[in-house]
Protein chains: 2
Amino acid sequence: MEQGVSNPGVISLAAGLVDQDSLPVDEVAQACARLMAHPALARELLQYGATPGYAPLRDLLARRLAEMDGLAPGENDLCGDRVLIGAGSQQLLYLVGEVLLDPGDVVLADAPTYFVYMGALESMDARIVPVDADDDGLVPESLEVRLDEIQRRGELDRVKFIYVVSYFNNPTGMTLSADRRKQVVEIAKRWSRASRIHVVEDAAYRELSYFGDPPPSMLRFDPDASTVLYAGTFSKPFAPGVRTGYLVAPRDLVGALVRQKGHHDFGSANLTQGLVLEVLESGAYDRHLARLRTIYGEKLRLTLNTLQDALSPLDPQVEWTRPTGGLYVWVRTPAGVSTGMDGPFFRDCLDEGVLYVPGEFCYPPGVEGAPTNFLRLSFGLADARRCREGLNRFCRVLARCAGAS
Amino acid sequence: MEQGVSNPGVISLAAGLVDQDSLPVDEVAQACARLMAHPALARELLQYGATPGYAPLRDLLARRLAEMDGLAPGENDLCGDRVLIGAGSQQLLYLVGEVLLDPGDVVLADAPTYFVYMGALESMDARIVPVDADDDGLVPESLEVRLDEIQRRGELDRVKFIYVVSYFNNPTGMTLSADRRKQVVEIAKRWSRASRIHVVEDAAYRELSYFGDPPPSMLRFDPDASTVLYAGTFSKPFAPGVRTGYLVAPRDLVGALVRQKGHHDFGSANLTQGLVLEVLESGAYDRHLARLRTIYGEKLRLTLNTLQDALSPLDPQVEWTRPTGGLYVWVRTPAGVSTGMDGPFFRDCLDEGVLYVPGEFCYPPGVEGAPTNFLRLSFGLADARRCREGLNRFCRVLARCAGAS
């Protein structure tokens, strides 16, 4: 993989990086200049901040989220003091694991799912139980079947949360439907006994929607604000380099999360938090996001059209998802074509000059019967020209393999 | 404590914050403008970075450290690939704990010591064993006595590292002497059996030296680069708001530390790392540091003179340290005057309008016989005028109490 990444002749459709050319250089330059032009504010941002995050940013995020979710200000207790800021949503998801899990505890997750977080959970000795997902995201009936199995084993009290990448999932690109959001929250509440089963909603890709608005978050379906933890980020819709994410947590978990954040780093960089607040308040963020949506929307259309043109003759041997946002398309290769890094298909793609993420990485470790003929393509990093070229290379190899299999 | 902090009439000599008025507003504004003026570089800094940190910054830090320690480039294996960047040195110290410790493992630490890290270690169920310290820092003989006691209990293999705030210690202000640095490293090597005993050197205050140069770091005395982990930060000598620290680790620990950092946040903000590199390379950092040394040096002199004038009549009932750097002075009150937050002395100080950190916070939790008549004063945050006024208030209360006791 490293060999492919460092070879400039290889086009990476593997990396989860964002579009390089559209990174907000002018927006950051202007925001930083504006902030530093006010000495008292500038000094506040260069000093230590508060462990949970910069209060004005926490408040603004609560208001923006409420608006996105169609909630009145403060409805469902969506307030700034339930918002924590961290080093990307990753750090906050890690803290959630540390606070909610003891070794051996169970996390239910839609499969396939975000592999980096699975690795983090595994490092905490969590047991990850996969739940089926389809084009509308996690399947509530499958969730109940899993919970029932766990209860029969007498281990229901070990289930601590349900993890869902709820918008334009990494790796499938699929979004959890509005109906199912409500069902998932209700299932979590209904199956909570001595200890609560939380829902951890990873909304990293929410704002990368290119064709219509996605459904409200699960916070909307949690009127007593007891169940849902919502993780968002500025990495995908603005700039990974500011490394700023946020979490909305039930009030009774905030203290423990902040304490743990204090142990880690007693608060993320005040400067980048001030910068994010500035681009939000000035409107630069929303303008940048509108531009991003156009750019990614075109790359997504190009990706789906290229796959359609090249691979439709292989239907139904080959299938792929049709997301309306995010950075990924999930491809099923013919049953005989294994996508693993040790196999000939991966090698052939590398020889042709294109990289993808093997699907096996996207299933929780140790899952039996995880399929070996899936892969993730990302149209995030490369520009349209390289995206098209990379996809053409990929489709050529796939057509060859499918013909031979 | 919170009540005191939020009351503007109260002068905080408690906070570990840095001097507010000298924060490098212009330096940050200029560095950010320069970086954003180069679109390719700017985009690199706004994209995801590498988990261990921004490579040019890692390399430069290795070179600067070698120079500070009187080492030739690469001597003692002091190279950029042994340097990790994190969210302040705190995050890196936390990672060190996670990687080196199992629950119940032993950390030896000079007492009193940095209480935030003791809290983090406690959260990992480490056992902290205090080692005596005097005006030359941690006492090597006391270290050997502790190790011998632990060996007799058959627990030597549970000792994982020795933690030392080696420059202008928080809270005492004292620096570990050059001779003792060598001895501490040798003791760690000599007592290492099946598992290595590392030395974790917390050098957060190293560059805040106001009267002469402090000794080289313990990296200098670790020729095979097997034993010492060195943690530094840009929070104290530049700006806490950039939240950038660094760690030099033995080569055989780098992989595990980077893996754990990957679980936490897969890398700190590229943008602030680029900013730190820019101020280092442009010379802005060194110029700022020279200015800081003057400002803090004057506040330290003022602090020691004020204490001398007001408290020398109380000698030897009252004693205090005479640091030559850092942000703290450590005060011993008369034996009958307890400094805890529940006691009348703390309350009297608050009534007079001044806050300090009770010394009991600075001893590892659960240490028997930790003295109750010490406290930490910080001249970091307040400007000279408020510093003097705060100290006068403090000395008035102390003189009253000492007279009454």
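None of the values given here were measured: they were computed from a predicted structure.

What should I look at first to understand the pairing of strand S7 (residues 159–165) of chain B in this one?
When a strand is regular, its side chains alternate between the sheet's two faces. Residue and element names in this part refer to chain B. Here S7 lies mainly inside the structure; seven of its seven residues are buried. Alignment of strand S3 (residues 106–110) against S7, held across four bridges, turns out to be parallel. Looking at the pairing, Val-106 lines up with Val-159 of S7. One ladder, built from five bridges, connects S7 with strand S8 (residues 198–202); its direction is parallel. Paired with Phe-161 across the two strands is His-198, which belongs to S8. For the handedness criterion, the β-α-β arrangement of S7, helix H8 (residues 178–191) and S8 is classed as right-handed.

Whenever I open this one, the nonpolar core confuses me. Can you help?
If you look at the biggest cluster of nonpolar residues, it comprises 286 residues, and the most contacted ones within it are Tyr-163 and Phe-394 of chain A together with Tyr-163 and Phe-394 of chain B. Residues contacting Phe-394 of chain A, with those up to four places away along its chain left out, are Leu-307, Val-331, Phe-345, Cys-349, Val-354, Tyr-356, Leu-375 and Leu-377 of chain A.

Explain the environment of Val-96 of chain B to me, please; I cannot follow it from the model alone.
Residues and elements named next belong to chain B. Topologically, Val-96 is positioned in helix H5 (residues 88–100). Its relative accessible area of 1% is what places Val-96 among the buried residues. Those residues in contact with Val-96, other than ones at most four positions away along the chain, are Leu-101, Tyr-117, Phe-161, Val-200, Leu-229, Leu-247 and Leu-257.

Honestly, the relation of the copies chain B and chain A in this entry has me stumped. Any pointers?
Note on the chain copies: they are related by a rotation about an axis and a translation along it. With an axial shift of 0.0 Å and an RMSD of 0.0 Å, the rotation relating chain B to chain A amounts to 180°. Both copies of the chain, as the preceding transformation shows, are related through a two-fold rotation axis. In this assembly the copies share their binding face: 100% of the residues contributing to the interface of chain B also contribute to that of chain A.

In this structure, what is going on with empty space enclosed by the protein? I would like to understand it.
Gaps left between atoms show up when a probe the size of a water molecule is rolled over them. Counted under the stated rule, the structure contains eight cavities of 30 Å³ or more. In this structure, the largest cavity encloses a volume near 140 Å³. Forming the boundary of the largest cavity are 17 residues, of which Ala-87, Arg-243, Ser-268 and Ala-269 of chain A together with Ala-269 of chain B lie nearest the centre. Those elements giving two or more residues to the lining of the largest cavity turn out to be strand S2 (83–86) and helix H10 (270–282) of chain A. When the residues that make up the lining of the largest cavity are grouped by side-chain class, the tally is seven nonpolar, seven polar and three charged.

How should the interface of chain B and chain A be read in this particular structure?
Many analyses report the size of an interface as the accessible area lost when the parts associate. In this complex, chain B contributes 50 residues to the contact, which on the side of chain A involves 50 residues. Taking both partners together, chain B and chain A bury about 3900 Å²; carbon and sulfur atoms supply 64% of that area. Ranking the residues of chain B by area buried against chain A places Leu-46, Gln-47 and Tyr-48 of chain B at the top, with a combined share of 18%. At the boundary of chain B and chain A, one finds zero salt bridges.

What is the right way to read helix H12 (residues 344–352) of chain B from this model?
In an α-helix there are 3.6 residues to a turn, and that puts residues three or four apart on one side. Residue and element names in this part refer to chain B. Listed in full, the buried residues belonging to H12 are Phe-345, Phe-346, Cys-349 and Leu-350. All buried residues of H12 fall inside an arc of 140° around its axis, so they share one side. In H12, the exposed residues that point more than 90 degrees away from the buried face are Pro-344 and Asp-351.

Would you mind showing me how to read the side chain of Ser-12 of chain A here?
Residue and element names in this part refer to chain A. Position of Ser-12 among the secondary structure elements: in strand S1 (residues 11–12). A distance of 3.2 Å separates a polar atom in the side chain of Ser-12 from the backbone nitrogen of Ala-14. Of note is the side chain of Ser-12, whose polar atom sits 3.1 Å from the backbone nitrogen of Ala-15.

Would you explain the pattern of salt bridges in this entry?
It is possible for side chains of opposite charge to pair when their charged atoms get near one another. For the coordinates displayed, the defined rule picks out 46 salt bridges over all chains. Taking the shortest distance from any N to any O, the salt bridge between Asp-286 of chain A and Arg-64 of chain A comes out at 2.9 Å. Linking Asp-286 of chain A in helix H11 (residues 284–311) with Arg-64 of chain A in helix H4 (residues 55–68), this pair joins segments that are 222 residues apart in sequence. Residue Arg-64 of chain A is classed as partly exposed on the basis of its relative accessible area of 21%. Across the pair Asp-265 of chain B and Lys-261 of chain B runs a salt bridge whose closest N-O atoms are separated by 3.0 Å. Linking Asp-265 of chain B with Lys-261 of chain B, this pair stays in helix H9 (residues 251–265), spanning four residues, or about one helical turn. Each member of the pair, Asp-265 of chain B together with Lys-261 of chain B, is buried. Each member of the salt-bridge network shares a partner with another, and the members are Asp-77, Asp-81 and Arg-251 of chain A.

Could you clarify how one ought to interpret the state of the cysteines in this entry?
Defined simply, a disulfide is a covalent bond joining two cysteines at their sulfur atoms. All names here are of chain B. Counted by the stated rule, this structure contains zero disulfides over all chains. There is no disulfide at Cys-387, and the cysteine sulfur nearest it, in Cys-395, is 12 Å away. What makes Cys-387 buried here is its relative accessible area of 0%. With no disulfide partner, Cys-401 has as its closest neighbouring cysteine sulfur the one in Cys-349, 7.2 Å distant. Using a relative accessible area of 15% as the deciding quantity, one classes Cys-401 as buried.

How should I be thinking about the sheet that holds strand S14 (residues 357–358) of chain B in this particular structure?
Two modes of strand pairing occur in sheets, parallel and antiparallel, and in both the strands are linked by backbone hydrogen bonds. Sheet architecture is open: four strands sit in the order S11-S12-S15-S14 (chain B), paired in antiparallel fashion. Each edge of the open sheet is held by one strand with a lone partner, namely strand S11 (319–320) and S14 of chain B.

Can you walk me through the packing of helix H3 (residues 39–46) of chain A against H10 of chain A in this structure?
Any two packed helices are characterised by how steeply their axes cross, that is the angle between the axes, and by the distance between the axes. Residue and element names in this part refer to chain A. Direction vectors running N to C along H3 and H10 enclose 130°, while the axes themselves pass 7 Å from each other. Relative to H10, the element H3 lies oblique. Touching Glu-44, Leu-45 and Leu-46 of H3 are Asn-270, Leu-271 and Gly-274, all from H10. Among the residues making up the contact of H3 with H10, the classes are represented as three nonpolar, two polar and one charged.

So, how was this worked out
- Residues numbered from 1 in each chain as written.
- Chains lettered and ligands numbered in written order.
- Predicted model: local features only at pLDDT ≥ 70, side-chain atom pairs only at ≥ 80, totals over all residues.
- Heavy atoms only, no water.
- Buried < 20%, exposed > 50% of the residue type's maximum accessible area, 1.4 Å probe, protein only.
- Helix = DSSP H or I, 4+ residues; strand = E, 2+ residues; numbered from the N terminus.
- Pairing = 2+ DSSP bridges.
- Right-handed = clockwise from strand over helix to strand, strands pointing away.
- Core = buried A, V, L, I, M, F, W, Y, C linked by side-chain atoms within 4.5 Å.
- Contact = heavy atoms within 4.5 Å.
- Least-squares fit on C-alpha atoms with pLDDT ≥ 70 in both.
- 1 Å grid on protein atoms, 1.4 Å probe; cavity = no way out; pocket = protein on both sides within 12 Å on 5 of 7 lines; lining within 4 Å.
- Points joined across faces, edges and corners; volume = space filled by probe spheres on them.
- Nonpolar A, V, L, I, M, F, W, Y, C, P; charged D, E, K, R; others polar.
- Buried area = accessible area lost by both parts, 1.4 Å probe.
- Salt bridge = Lys/Arg side-chain N within 4 Å of Asp/Glu carboxyl O.
- Arc of directions from axis to C-beta.
- Polar contact = N/O pair within 3.5 Å; in protein donor to acceptor, adjacent residues only side chain to side chain.
- Disulfide = S-S within 2.5 Å.
- Axes fitted to C-alpha atoms, helices over the stretch in contact; angles between N-to-C directions.
- Parallel < 35°, antiparallel > 145°, perpendicular 65-115°, else oblique.

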